[in-house]
Amino acid sequence: MPIIVNLDVMMAKRKMSLNELSEKVGVTLSNLSILKTGKAKAIRFSTLEAICQVLACQPGDILEFIPEE
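Just so you know, these numbers come straight off a predicted model, no measurement behind them.

Caption draft 1: A look at unusual backbone geometry. Not every positive phi belongs to a glycine, and Lys 15 is a case in point at roughly 55°. One can find Lys 15 in the loop between helix 1 (7-13) and helix 2 (18-25). Residues other than glycine seldom take positive phi values, yet Ala 56 does so here, at roughly 50°. Following the sequence through the fold, Ala 56 ends up in the loop between helix 4 (45-55) and helix 5 (59-62).

Here it is, written out as structure tokens:
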């Protein structure tokens, strides 16, 4: 899949655990885990906005497009 999710990178930069992010964003631990591992098929803008607000980052810091060769 050409969209790469760098949520784990941003969490490491902010020294935040998945449990802490889950509590602050209001998204279940299992849904964040699916997103973090890159297995998610979609993400709501409201969820992306909440994650960016908590991690103090931009959507481009979390999502990356890498074209297939």
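Caption draft 2: Main features of helix 2. If you check which residues of helix 2 are buried, you get Leu 18, Leu 21, Ser 22 and Val 25. Within helix 2, the buried residues cover an arc of 100° as seen down the axis, which keeps them to one side. Summarising the geometry of helix 2, the exposed residues directed more than 90 degrees from the buried face are Glu 23 and Lys 24. Buried-residue contacts for helix 2 involve helix 1, helix 3 (29-36) and helix 4. Two residues or fewer after helix 2 comes Gly 26, characterised by a positive phi angle close to 85°.

Caption draft 3: Fine view of the state of the cysteines. Tallied over the full model, the rule gives zero disulfides. As a non-bridged cysteine, Cys 52 has Cys 57 as the owner of its nearest cysteine sulfur, 4.1 Å distant.

Caption draft 4: Focus on the packing of helix 2 against helix 3. Viewed as axis vectors pointing N to C, helix 2 and helix 3 meet at an angle of 115°, and their least axial separation amounts to 9 Å. Of the two possible hands of crossing, helix 2 and helix 3 adopt the one that is right-handed. Taking contact as the criterion, the partners of Leu 18, Asn 19, Leu 21 and Ser 22 in helix 2 are, on helix 3, Leu 29, Leu 32, Ser 33 and Lys 36. Here the residues of the contact of helix 2 with helix 3 sort into four nonpolar, three polar and one charged.

Caption draft 5: View of the environment of Ser 22. Relative to the helices and strands, Ser 22 is located in helix 2. Each C-alpha atom, one on Ser 22 and one on Leu 55, is 12 Å from the other, the two residues being 33 residues apart in sequence. Ignoring sequence-local partners within four residues, the contact set of Ser 22 consists of Val 27, Thr 28, Leu 29 and Leu 32.

Caption draft 6: Main features of the nonpolar core. Grouped together as the largest cluster of nonpolar side chains are 18 residues, with contacts concentrated most on Leu 7, Leu 21, Leu 32, Ile 51, Leu 55 and Ile 62. Among the elements of the structure, helix 1, helix 2, helix 3 and helix 4 are those that each provide at least two residues to this core. Here this core gets five residues from one element, more than from any other, and that element is helix 4. Sequence-distant contacts of Leu 7, defined by excluding residues within four places in its chain, comprise Leu 21, Leu 32, Leu 35, Lys 36, Ile 51, Leu 55 and Ile 62.

Criteria and cut-off values
Residues numbered from 1 in each chain as written. Predicted model: local features only at pLDDT ≥ 70, side-chain atom pairs only at ≥ 80, totals over all residues. Heavy atoms only, no water. Helix = DSSP H or I, 4+ residues; strand = E, 2+ residues; numbered from the N terminus. Buried < 20%, exposed > 50% of the residue type's maximum accessible area, 1.4 Å probe, protein only. Arc of directions from axis to C-beta. Contact = heavy atoms within 4.5 Å. Disulfide = S-S within 2.5 Å. Axes fitted to C-alpha atoms, helices over the stretch in contact; angles between N-to-C directions. Left-handed = near helix turned anticlockwise from the far one by under 90°. Nonpolar A, V, L, I, M, F, W, Y, C, P; charged D, E, K, R; others polar. Core = buried A, V, L, I, M, F, W, Y, C linked by side-chain atoms within 4.5 Å.

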